[in-house]
Amino acid sequence: MAYKDFREFLKKLEKENQLLTISKEVMPDTDLGAAARAINNLGEHTPALLFENINGYNNARIAMNVIGSWSNHALMMGLPKNTPVKEQFFEFARRYANYPVPVQREETAPFHKVEVTENINLFDILPLFRLNEGDGGCYIDKACVISRDQEDPENFGKQNVGIYRLQVKGKDRLGIQPVPQHDIAIHLRQAEERGQNLPVVIALGNEPVITTVASSPILYDQSEYEMAGAIQGEPYKIVKAKDSNLDIPWGAEVVLEGEILAGEREFEGPFGEFTGHYSGGRKMPVIKINRVYHRSNPLFEHLYLGMPWTEIDYMMGINTCVPLYQQLKDAYPEEIVAVNAMYTHGLVAIISTKRRYGGFAKAVGMRALTTPHGLGYCKMVIVVDEDVDPFNLPQVMWALSTKFHAKHDAVIIPDLSVLPLDPGSEPAGITHKMILDATTPTAPETRGHYSQGLKSPAKTEEWEKIFAEMLRK
């Protein structure tokens, strides 16, 4: 199911009627963000957008909302576009368990076609615009940023591929926000303790599997490239950078090589974030770009983010659920059934679990808070029984309304860490967190009246499969 590059995936979307091409002239600042916001407002199976006529740019083409629906997410995984979300989750988890799949190294890549090392001007090379009117500048918002652990540089698994917002500050200068909970912040701290710049590579216009994995909260020493191979079912292709020991996605459209300047900080922001709020402005590190490559007539990609749901919620939904699911199953392999952490990048997580004994569900909630992702997110954890589908919100609300008892089942833990972008944190990066136990009380808990639960008719599951198959045709 592997897609060779970004262009091949767009062709697949077009074939499946999941790509809408806009040929009329559009204004960068006023139209592009608005169009991407509008398409997200129209449902969960909307198409990607390809803009071919952008005022002020010659021959620039910009794709948006590329993984911005459950249909496109399914196609990213090589599944039928009408595959239900729950099935996508379990298929993603099945492939995730195949990690690692060794990479395929190449000597050259299509983006080597054009190379710029002198008089670099990003304003000439990239079509730039504001997504939201209150943004502090133009941002690159869907690029894979590659960096390495500076204390263990030969460890391939400790090379990070992540997605971080990048504000264009000058013709060869970017601002970056390395949230403390993310891997690049560790790499930057290591470099600055040595008084050294941190080499980075920024890859734009990537095929969707590496973009999806780059936004996943996998473990620090797990390779995104080897995970991408597991998700796509064959080795992921990479090529070496020229200025560092970093590896680059082979199919990228545009590549920027540079370094984060040790000790330098400049004002960055504000920026409209996935929380549905502007994150304000802070002094952040600076990247100096030293080399640019790109394909002939490159395709550019951006995503819109704001009040959920937008593309980022589809892109980071299931791939946030599955690492939490796997890490919880490592602790409780017989009990954990499924995890839904699709809401605001896992600030809310819903866990379906079997119970060993009274109080067990609360322990599962506590464990979720101490996973790598839970430390910076998981502000509210809802725990439900094994027969409650965490992806079916009416069932979750039923569990809360009938099983949850405010006196016994609300656990509040004060002053835990959360990402600073959470607008409710005070001070930024600190919040109380809460576990809501909506499971059926189990001995030695004896409260309530749950002995006469109503079960679905015996052949319900059989009919579900029949109807699912009929609806796929």
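One can find the structure itself at the top, above this paragraph.
So, on to the layout of surface pockets. Within this model, the largest pocket holds a volume of roughly 1600 Å³. Around the largest pocket, the lining comprises 39 residues; the ones closest to its centre are Lys86, Asp387, Asp389, Gln395 and Glu464. Those elements that place two or more of their residues in the lining of the largest pocket are helix H4 (85-96), strand E17 (336-343), helix H13 (393-403) and helix H15 (460-472). Per element, the largest residue contribution to the lining of the largest pocket is seven residues, and it comes from H15.

This part covers the packing of H4 against helix H8 (residues 224-232). In a pair of packed helices, the angle between the axes and the distance between the axes together describe the arrangement. At a minimum axis separation of 8 Å, H4 and H8 run at an interaxial angle of 125°. Regarding the angle of H4 to H8, the classification is oblique. As for the relative orientation of H4 and H8, their crossing is right-handed in sense. Residue-level contacts link Phe92, Arg95 and Tyr96 of H4 to Met227, Ala230 and Ile231 of H8. When grouped by side-chain class, the residues that make up the contact of H4 with H8 number five nonpolar, no polar and one charged.

Moving on, we come to the pattern of salt bridges. Per the counting criterion, the structure on display carries 33 salt bridges. Here Arg105 makes a salt bridge to Asp247, at a shortest N to O gap of 2.8 Å. Here Asp247 lies in strand E13 (residues 247-249) and Arg105 lies in strand E4 (residues 104-106), a separation of 142 residues in the sequence. For Arg105, a relative accessible area of 45% gives the class partly exposed. Between Arg355 and Glu386 there is a salt bridge, with the nearest N and O atoms lying 3.4 Å from each other. With Arg355 in the loop between strand E18 (348-353) and helix H11 (360-369) and Glu386 in the loop between strand E19 (380-385) and H13, this pair connects stretches of sequence that are 31 residues apart. Here Arg355 falls in the partly exposed class, since its relative accessible area comes to 25%. Overall, Glu386 belongs to the partly exposed group, its relative accessible area being 33%. Shared partners join several salt bridges into a network, and the residues in it are Lys362, Asp409, Asp437, Glu445 and Arg447.

Turning our eyes to something else, we now look at the sheet that holds E18. The five strands lie next to each other as E17-E18-E19-E21-E20, forming an open sheet whose pairing is mixed. Here the strands that pair on one side only, and so sit at the sheet edges, are E17 and strand E20 (410-417). In this sheet, neighbouring strand axes are inclined to one another by 20° on average, regardless of whether the strands run parallel or antiparallel. In the sheet, E20 pairs with strand E21 (residues 430-438) via six bridges, with the strands oriented antiparallel. Its bridge partner lying in E21, Ser417 is registered against Ile430. Of the strands in this sheet, E17, E18, E19, E20 and E21 are in contact with H11, which crosses E21 at around 150°.

As a further point, take the nonpolar core. Judged by nonpolar contacts, the single largest core of 134 residues is most densely connected at Ile140, Ile202 and Leu256. In contact with Ile202, not counting residues within four places along its chain, are Ala143, Cys144, Val145, Leu166, Leu174, Val254, Val255, Leu256, Ile287 and Ile289. Counting nine residues, the second largest nonpolar core, distinct from the first, contains Ile382, Val396, Leu400 and Leu436.

Take empty space enclosed by the protein next. One simple way to see leftover space: roll a probe sized like a water molecule over the atoms. For the coordinates displayed, the defined rule picks out two cavities of 30 Å³ or more. For the largest cavity, the full set of lining residues is Phe274, Ile312, Asp313, Met316, Gly317, Met342 and His345. Considered class by class, the residues forming the lining of the largest cavity number four nonpolar, two polar and one charged. Its volume calculated, the second largest cavity comes out at about 30 Å³. The wall of the second largest cavity is formed by Arg355, Tyr357, Gly358, Gly359, Phe360, Ala361, Asp437, Thr439, Thr440, Thr442 and Glu445. Taken together, the residues of the lining of the second largest cavity sort by class into three nonpolar, five polar and three charged.

Viewed as axis vectors pointing N to C, H4 and helix H10 (residues 318-331) meet at an angle of 55°, and their least axial separation amounts to 9 Å. As the angle between them shows, H4 and H10 are arranged oblique. Note on packing geometry: the crossing formed by H4 with H10 is right-handed. Contacts between H4 and H10 involve Val85, Gln88, Phe89, Phe90, Phe92, Ala93 and Tyr96 from the first element and Ile318, Asn319, Cys321, Val322, Pro323, Tyr325 and Gln326 from the second. Residue classes in the contact of H4 with H10 are distributed as 11 nonpolar, three polar and no charged.

The strand order E4-E12-E13 describes an open sheet built from three strands, whose pairing is mixed. The open sheet terminates on both sides in strands that have one partner only, identified here as E4 and E13. On average, each strand axis in the sheet is tilted by 45° relative to the strand beside it, whichever way the strands run. Two strands pair when backbone bridges link them, and E4 and strand E12 (residues 237-240) are joined in this way by three bridges, in the parallel orientation. Of the residues in E12, the one forming a bridge with Gln104 is Lys237.

Attention shifts here to the pairing of strand E14 (residues 254-268). By the bridge criterion, seven bridges tie strand E11 (residues 198-204) to E14 in an arrangement that is antiparallel. Bridging from a neighbouring strand, Ile202 pairs with Leu256 of E14.

As a further point, take the packing of aromatic side chains. The tally for this structure, following the rule as stated, stands at 16 aromatic pairs. Taking the centre distance of 5.8 Å and the plane angle of 65° together, the rings of Trp309 and Tyr343 count as edge-to-face. Separated by 34 residues along the polypeptide, Trp309 in the loop between strand E16 (299-301) and helix H9 (311-315) and Tyr343 in strand E17 bring together distant segments of the chain. Relative to Phe360, the ring of Tyr332 lies with its centre 5.2 Å away and its plane at 75°, an arrangement referred to as edge-to-face. With Tyr332 in the loop between H10 and E17 and Phe360 in helix H11, this residue pair connects regions lying 28 residues apart in the sequence. Sitting over the ring of Trp250, Lys237 keeps its end group 3.6 Å from the ring centre.

Calculation criteria
- Residues numbered from 1 in each chain as written.
- Predicted model: local features only at pLDDT ≥ 70, side-chain atom pairs only at ≥ 80, totals over all residues.
- Heavy atoms only, no water.
- 1 Å grid on protein atoms, 1.4 Å probe; cavity = no way out; pocket = protein on both sides within 12 Å on 5 of 7 lines; lining within 4 Å.
- Points joined across faces, edges and corners; volume = space filled by probe spheres on them.
- Helix = DSSP H or I, 4+ residues; strand = E, 2+ residues; numbered from the N terminus.
- Axes fitted to C-alpha atoms, helices over the stretch in contact; angles between N-to-C directions.
- Parallel < 35°, antiparallel > 145°, perpendicular 65-115°, else oblique.
- Left-handed = near helix turned anticlockwise from the far one by under 90°.
- Contact = heavy atoms within 4.5 Å.
- Nonpolar A, V, L, I, M, F, W, Y, C, P; charged D, E, K, R; others polar.
- Salt bridge = Lys/Arg side-chain N within 4 Å of Asp/Glu carboxyl O.
- Buried < 20%, exposed > 50% of the residue type's maximum accessible area, 1.4 Å probe, protein only.
- Pairing = 2+ DSSP bridges.
- Core = buried A, V, L, I, M, F, W, Y, C linked by side-chain atoms within 4.5 Å.
- Phe/Tyr/Trp six-rings, centres within 6.5 Å; stacked < 30°, edge-to-face > 60°.
- Lys NZ or Arg CZ within 6 Å of the ring centre and 35° of its normal.

Any functional reading would require information beyond the geometric quantities listed.
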